[in-house]
Amino acid sequence: MKIHQKGFLLQQLSNSDRIWDVELVKRLLGYYGLTGLYWENNTRVTLDELTAAGLIKSVDRKLVDLGGRTQLIFEYQLTPFGRERMIDTGLLQEVSP
Amino acid sequence: MSKVTSIQTDQSAALADALYRHAARSKRWGFIFALWTAVLWGAWYVPGTALWYEFPYSAIPADDRALRLTAVAVMTFVHAVAVFLFLLVWNGVLGKVSDFGRTFVRFRRISKWYALASICGGPIAIFGSYMAMGFVGPVFAAVTSLFYPVFGAVIARLWYHEKITTYAAIGMSLIILGGVAIYGPELFGQDTGVKEHAWLGYLGGLMSAVGWGAEGAVAARAMDVSDPDTGIQCRFTFEIMFWGLLILPVLSFTGLPVFRLISDTLADGRAMLWIVLASVCHAFCYTSFYKSFGLIGVGRGEAIGNLYAVFALLFIAAFTLEFPPVYFIIGLVLAVGGSFVMFREPADAITTLRDAQSEGGAA
């Protein structure tokens, strides 16, 4: 069984130093076979929740032109607390996709 | 050179503006979800109370304590099943049913927290609230429940260092004072002197405040690593299991008519209508409740949710045409004032809800 979506995002961040949200959205949609603006926005809300809870932090941000509209994008990094929480919940032990 | 500087200034101003709007949007949605919690919780009291006037519950004598507690257990169980079905539709529409399954199966590490949240919010808080109603009085039960955000905020603060700012503390205090102003005066008129075993009622009041307060903090612990929509469905799945596989069979074993009450409830169209209406309120009340935690924190989410005290009276007034007493206005002003104090908190102050981000800082 696949890992749940929030766990997937945390695992992706634990495998890299830092990742832009555009890349995280692309990876998540690809892994679960999802498409569309709803899932893109849903993933961004999930990243906001993870930031608010202190598991990840935004280390850079910029305005970019995406499909004709200006969008604010963030680059994220896993925090030490996020790594600790991943150990607590067994997410670091599981094999990442 | 000055043109380059000007373009850079424009870009940084645009970025700062976009960041501000992003933070403000998160905060606004957090408060909108918390407000929906209060509206739907208040609305829930209408079908929740009406259910007691339908068969089989209307036929239970007021002094038959054991049968009344059994009825509470049965109606909570049937209600939880109906909430589960509504949440299944909700997650089906959102496309999150698979994610619910993926979260639920991780019991040892993740969904165990939802199981604990369901014990805090279900058997402890609801049972405690009914004990307070039965052994002291309904107004006492309502007033004690209003203090649950204090327990939620304190547990969240001590357990994982959630930030309780001055705005949040003042707002929370005003909302609680507002609730006490609404229900408090009636408490003095409540006849508590003749009640036997009143300490059981006081214990029940404490159980409801601690239970609901702890539920938010415990659920937020699981929502660190899981989605709130799937989390709430995990929570109700566990609640069904606790009542259906543990509490009701034990009650039935003692000779209480659990199965007759269930079959009578399912066979009575009007009782089921009230249960369905109560469940749809409760399903989306709880969904909003859990979604608010991730955006504005447990303390703020629970405090705004406490506005249910105001909405409950307004909904009951709308359906019964019995208007609340004048001191309701004082409570209303305090509660709404407290909400505005909280909402005035700068959005960037709550983009991160916890003080510590270092190892060992938050657990």
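Notes on the structure follow.

1. Brief notes about the overall build of chain B
So, point 1. Counting its regular elements, chain B contains 14 helices and zero strands.
So, point 2. For chain B, the α and β elements follow one another from N to C terminus as α-α-α-α-α-α-α-α-α-α-α-α-α-α.
So, point 3. Here the contacts in chain B between residues at least 6 apart in sequence split such that 88% fall between residues at least 24 apart.
So, point 4. A total of about 15,800 Å² of accessible surface is found on chain B, and carbon and sulfur atoms cover 72% of it.

2. Digging into the packing of helix α4 (residues 107–135) of chain B against helix α8 (residues 198–223) of chain B
Residue and element names in this part refer to chain B.
So, point 1. It is at 7 Å that the axes of α4 and α8 come closest, and there the two elements cross at 160 degrees. With respect to α8, the axis of α4 lies roughly antiparallel. In terms of crossing hand, the pair formed by α4 and α8 is left-handed.
So, point 2. Taken together, the residues of the contact of α4 with α8 sort by class into 22 nonpolar, eight polar and two charged.

3. Quick look at α4(B)
Along an α-helix, a turn takes 3.6 residues, which lines up residues three or four apart on a common side.
So, point 1. Helix length check: α4(B), at 29 residues, gives a terminal C-alpha distance of 37 Å against a target of 42 Å (1.5 Å per residue), a shortfall beyond 12%.
So, point 2. The sharpest bend along α4(B) measures roughly 30 degrees and falls at B:Ala125.

4. Some details on the nonpolar core
So, point 1. In terms of nonpolar packing, the biggest core is built from 84 residues, with B:Tyr57, B:Val74, B:Tyr183 and B:Tyr290 touching the most fellow members.
So, point 2. Take this core: its biggest share by element is 13 residues, from helix α2 (residues 65–94) of chain B.
So, point 3. Each residue touching B:Tyr183, except ones within four places of it in the same chain, is listed here: B:Val139, B:Ala142, B:Val143, B:Leu146, B:Ala309, B:Ala312 and B:Leu313.
So, point 4. One finds A:Ile3, A:Trp39, A:Ile56 and A:Leu91 within the second-largest nonpolar core, a separate group that totals 28 residues.

5. A look at the sheet that holds strand β1 (residues 19–20) of chain A
Residue and element names in this part refer to chain A.
So, point 1. Pairing is antiparallel across the open sheet formed by three strands, whose spatial order is β1-β3-β2. The two strands at the open ends of the sheet, each matched to only one other strand, are β1 and β2 (56–66).
So, point 2. Judged from the two bridges that link them, β1 and strand β3 (residues 69–78) form a sheet pairing that is antiparallel. Bridge pairing links Trp20 to Glu75 in β3.
So, point 3. Helix-sheet contacts for helix α1 (residues 5–14) involve β1, β2 and β3, and the interaxial angle to β3 is about 70 degrees.

6. Regarding the interface of chain B and chain A
So, point 1. Every contact between the two is made by 36 residues of chain B and, on the other side, 38 residues of chain A.
So, point 2. Where chain B abuts chain A, roughly 3,100 Å² becomes buried across the two surfaces, and 56% of that area is made up of carbon and sulfur atoms.
So, point 3. Applying the counting rule to chain B against chain A returns two salt bridges.
So, point 4. A salt bridge links B:Asp224 to A:Arg85; the nearest nitrogen and oxygen atoms lie 2.8 Å apart.

Reading guide: rules and limits
- In this numbering scheme, every chain counts its residues from 1 along its sequence in written order.
- Key to labels: chains lettered from A, ligands numbered from 1, both in the order written.
- Whole-chain, interface and lining totals are the exception, using all residues; otherwise, since this is a predicted model, local features are given only for residues with pLDDT of at least 70 and side-chain atom pairs are given and counted only at 80 or more.
- Water and hydrogen atoms play no part in the side-chain values, which are based on all heavy atoms of the structure.
- Helix numbers and strand numbers start at the N terminus; a helix is a DSSP run of H or I with at least 4 residues, a strand a run of E with at least 2.
- Any two residues whose heavy atoms approach within 4.5 Å are treated as being in contact.
- Each accessible area value is a Shrake-Rupley result obtained with a 1.4 Å probe; residue values ignore everything except the protein chains displayed when judging cover.
- Angular values range over 0 to 180 degrees, each being the angle between N-to-C directions of two axes fitted as lines to C-alpha atoms, with helices fitted over their stretch in contact.
- Should an angle fall under 35 degrees it is taken as roughly parallel, and over 145 as roughly antiparallel, whereas 65 to 115 is taken as roughly perpendicular and any remaining angle as oblique.
- Should the near helix be turned anticlockwise from the far one by less than a right angle, the crossing is termed left-handed; should it be turned clockwise, right-handed.
- Put simply, Ala, Val, Leu, Ile, Met, Phe, Trp, Tyr, Cys and Pro go in the nonpolar bin, Asp, Glu, Lys and Arg in the charged bin, and everything else, Gly too, in the polar bin.
- To estimate the expected span of a helix, count its residues, drop one, and scale the result by 1.5 Å.
- We define the bend at each residue as the angle formed by axes fitted to the 7 residues ending at it and the 7 residues starting at it.
- Residues belong to a common nonpolar core when they are buried Ala, Val, Leu, Ile, Met, Phe, Trp, Tyr or Cys residues joined through side-chain atoms within 4.5 Å.
- The rule is simple: take the accessible area with a 1.4 Å probe, protein chains only, and divide by the maximum for that residue type; under 20% is buried, over 50% is exposed, in between is partly exposed.
- Two strands qualify as a pair provided DSSP detects at least 2 bridges between them.
- Once two parts are joined, some of their accessible surface, as seen by a 1.4 Å probe, is lost; buried area is that loss totalled over both.
- Any Lys or Arg side-chain nitrogen found within 4 Å of a carboxyl oxygen on Asp or Glu counts as a salt bridge.

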